Amino acid sequence: MALKNRDNSRQYVRLKDGKFFLGKDLETPYEELEGTITSLSYRDEEYEGAPLRKLIVVISDGDDNYQLGLNVETSNYSTFVSFLKNVDISKKLTIHPKMDLKKDGDKEITRRSLLVSQDGKFAKSYFTKDESHGLPKWEVVTVGK
């Protein structure tokens, strides 16, 4: 028979504190997400009355499909896109969430990023200070003192 049903069910993946979580289960953290990207798309949503744009990434490990939504205004999004540019997205890859806490005087600074590896090697960022690939030149700016 030529007609078939597709199983489009997806497990939703959330990011919190540098870890992945499945759906609403915030008790079991995961260190990485591995598979092949089967879909990349943008979706416009609304959160607490404000517009929100997300990159929707669907990853398949052969058995299951996972959907990860990344707010385009976050460092997770910008690092992910920059690393993704230097891998072959038609092949299996691994996404590694990372969260670093640093002290700057009395302030604690949180830096979140999504690293990408393929074939056991971490991808390099496509956009760098030395090679901006069309982005505006970096400027040193002093704020306050």
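The rules behind these values
- Residues numbered from 1 in each chain as written.
- Predicted model: local features only at pLDDT ≥ 70, side-chain atom pairs only at ≥ 80, totals over all residues.
- Heavy atoms only, no water.
- Salt bridge = Lys/Arg side-chain N within 4 Å of Asp/Glu carboxyl O.
- Buried < 20%, exposed > 50% of the residue type's maximum accessible area, 1.4 Å probe, protein only.
- Helix = DSSP H or I, 4+ residues; strand = E, 2+ residues; numbered from the N terminus.
- Contact = heavy atoms within 4.5 Å.
- Pairing = 2+ DSSP bridges.
- Axes fitted to C-alpha atoms, helices over the stretch in contact; angles between N-to-C directions.

### Section: the pattern of salt bridges
Applying the stated criterion to the full structure yields 7 salt bridges. Close ionic contact of lysine 91 with aspartate 88 constitutes a salt bridge, the shortest N to O distance being 3.9 Å. A residue is classified by how much of its surface remains accessible, and lysine 91, at 47% relative accessible area, is partly exposed. With a relative accessible area of 33%, aspartate 88 lands in the partly exposed category. Across the pair lysine 98 and aspartate 100 runs a salt bridge whose closest N-O atoms are separated by 3.7 Å. You can call lysine 98 partly exposed: its relative accessible area is 35%. Taken together, the shared-partner salt bridges connect Arg43, Glu45 and Lys54 into one network.

### What to know about helix α1 (residues 75-84)
Counting buried residues along α1, 7 of its 10 residues qualify, which places the element largely inside the surrounding structure. Residues of α1 that are buried make contact with β1 (11-16), β3 (33-47), β4 (50-60), β5 (65-71), β6 (93-104) and β7 (107-118).

### With respect to the sheet that holds strand β2 (residues 19-22)
Paired through their backbone hydrogen bonds, the strands of a sheet run either parallel or antiparallel. What the 8 strands build is an open sheet, ordered β2-β1-β5-β4-β3-β6-β7-β8; its pairing is mixed. What marks the edges here is a single partner per strand, and that holds for β2 and β8 (121-122). Alignment of β7 against β8, held across 2 bridges, turns out to be antiparallel. Residue pairing for β8: glutamine 118 is matched across the bridge by lysine 121. Of the strands in this sheet, β1, β3, β4, β5, β6 and β7 are in contact with α1, which crosses β7 at around 30°.

### Some words on unusual backbone geometry
If you check the backbone angles, aspartate 17 has positive phi at about 55° while not being a glycine. Aspartate 17 gets classed as partly exposed once you look at its relative accessible area, which sits at 47%. At glutamate 48, a residue that is not glycine, the phi angle is positive and equals roughly 50°. The residue glutamate 48 is located in the loop between β3 and β4 in this model.

### Brief notes about the pairing of β3
Relative to β6, β3 runs antiparallel, the two being bridged by 3 bridges. Note that in β6 the partner of glutamate 34 across the bridge is threonine 94. Bridge analysis of β3 against β4 gives 11 bridges, and the strand direction is antiparallel. The residue of β4 that forms the bridge with aspartate 44 is arginine 53. Remark: 2 residues form the turn of the hairpin made by β3 and β4, two consecutive strands paired antiparallel; glutamate 48 in that turn has positive phi of roughly 50°.

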